[in-house]
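What the coordinates show
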Amino acid sequence: VVLWVFGVWKKDFYKCLLRWSPEEGTPPLRVRIVDLIHIGIVHTWVAVGIYWVGSSQQCSNTAPELFTAVKWWVHLQAVVLLTGCLAIVASRCLLYWLQRNSELDVGVDASVLVARTMDEVKFDLS
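**Quick word on the overall build of the protein**
Scanning the protein from N- to C-terminus turns up six helices and zero strands. The proportion of buried residues among the 126 residues of the protein is 11%. Taken as a whole, the protein presents about 10,600 Å² of accessible surface, with 68% of it coming from carbon and sulfur.

The structure is reproduced here in structure tokens:
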């Protein structure tokens, strides 16, 4: 619940306690550290949940339906988190590759790039 509350009121938390707003641009070191701690806690909590479900001896006998539901939920959370991490890493690698191979021109306005690659279309008003 605490992690959910932090996720919902993250912007307010940054403004009140860390004296930073996302509108200010690049976050300072203190905000990045808090973000890393939050991400670490979320991933650790999922890992602990998988460990607890996997090492449980009595739960599967006492409440088998609840145990099965919790086991599926924890594994689903792990899949979602790992998929998100993979997407972040893959997109970052793709951007670096595009920039390194001059496919991504970061020094020119996007409209100029589009204008360079567009074909001229003649339009007849008659």
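There is more to say after this.
**Here we look at the confidence of the model for the protein**
On average, the protein scores 81 in pLDDT, and the residues at 70 or more come to 82%. Mean pLDDT across the elements of the protein ranges from a minimum in helix H6 (residues 110-117), with 62, to a maximum in helix H5 (residues 64-100), with 88.

**A closer look at the packing of helix H3 (residues 29-55) against H5**
At a closest axis distance of 10 Å, the pairing of H3 and H5 adopts a crossing angle of 145°. H3 and H5 meet at a crossing whose hand is left-handed. Across the interface between the two elements, Val42, His43, Val46, Gly49, Ile50 and Val53 from H3 touch Phe67, Val70, Lys71, Val74, His75, Gln77, Ala78, Leu81 and Cys85 from H5. When grouped by side-chain class, the residues that make up the contact of H3 with H5 number 10 nonpolar, four polar and one charged.

**Focus on H5**
Compared with an ideal rise of 1.5 Å per residue, which puts 37 residues at 54 Å, H5 spans 53 Å between its outermost C-alpha atoms and is within 8% of the ideal. In the core, the buried residues of H5 are packed alongside H3 and helix H4 (59-62). Following H5 by one or two positions, Ser102 has its phi on the positive side, about 60°.

**Considerations on the packing of aromatic side chains**
Applying the stated criterion to the full structure yields three aromatic pairs. Relative to Tyr14, the ring of Phe13 lies with its centre 6.3 Å away and its plane at 50°, an arrangement referred to as tilted. For Tyr14, a relative accessible area of 5% puts it in the buried group. Their ring planes at 85° and their centres at 5.8 Å tell us that Trp45 and Trp52 sit as a pair that is edge-to-face. Take Trp45 and Trp52: they sit in the same class, and that class is exposed.

So, how was this worked out
- Residues numbered from 1 in each chain as written.
- Predicted model: local features only at pLDDT ≥ 70, side-chain atom pairs only at ≥ 80, totals over all residues.
- Heavy atoms only, no water.
- Helix = DSSP H or I, 4+ residues; strand = E, 2+ residues; numbered from the N terminus.
- Buried < 20%, exposed > 50% of the residue type's maximum accessible area, 1.4 Å probe, protein only.
- Areas by Shrake-Rupley, 256 points an atom, 1.4 Å probe, with all protein chains shown as cover.
- pLDDT = per-residue confidence, 0-100.
- Axes fitted to C-alpha atoms, helices over the stretch in contact; angles between N-to-C directions.
- Left-handed = near helix turned anticlockwise from the far one by under 90°.
- Contact = heavy atoms within 4.5 Å.
- Nonpolar A, V, L, I, M, F, W, Y, C, P; charged D, E, K, R; others polar.
- Expected span 1.5 Å × (residues − 1).
- Phe/Tyr/Trp six-rings, centres within 6.5 Å; stacked < 30°, edge-to-face > 60°.

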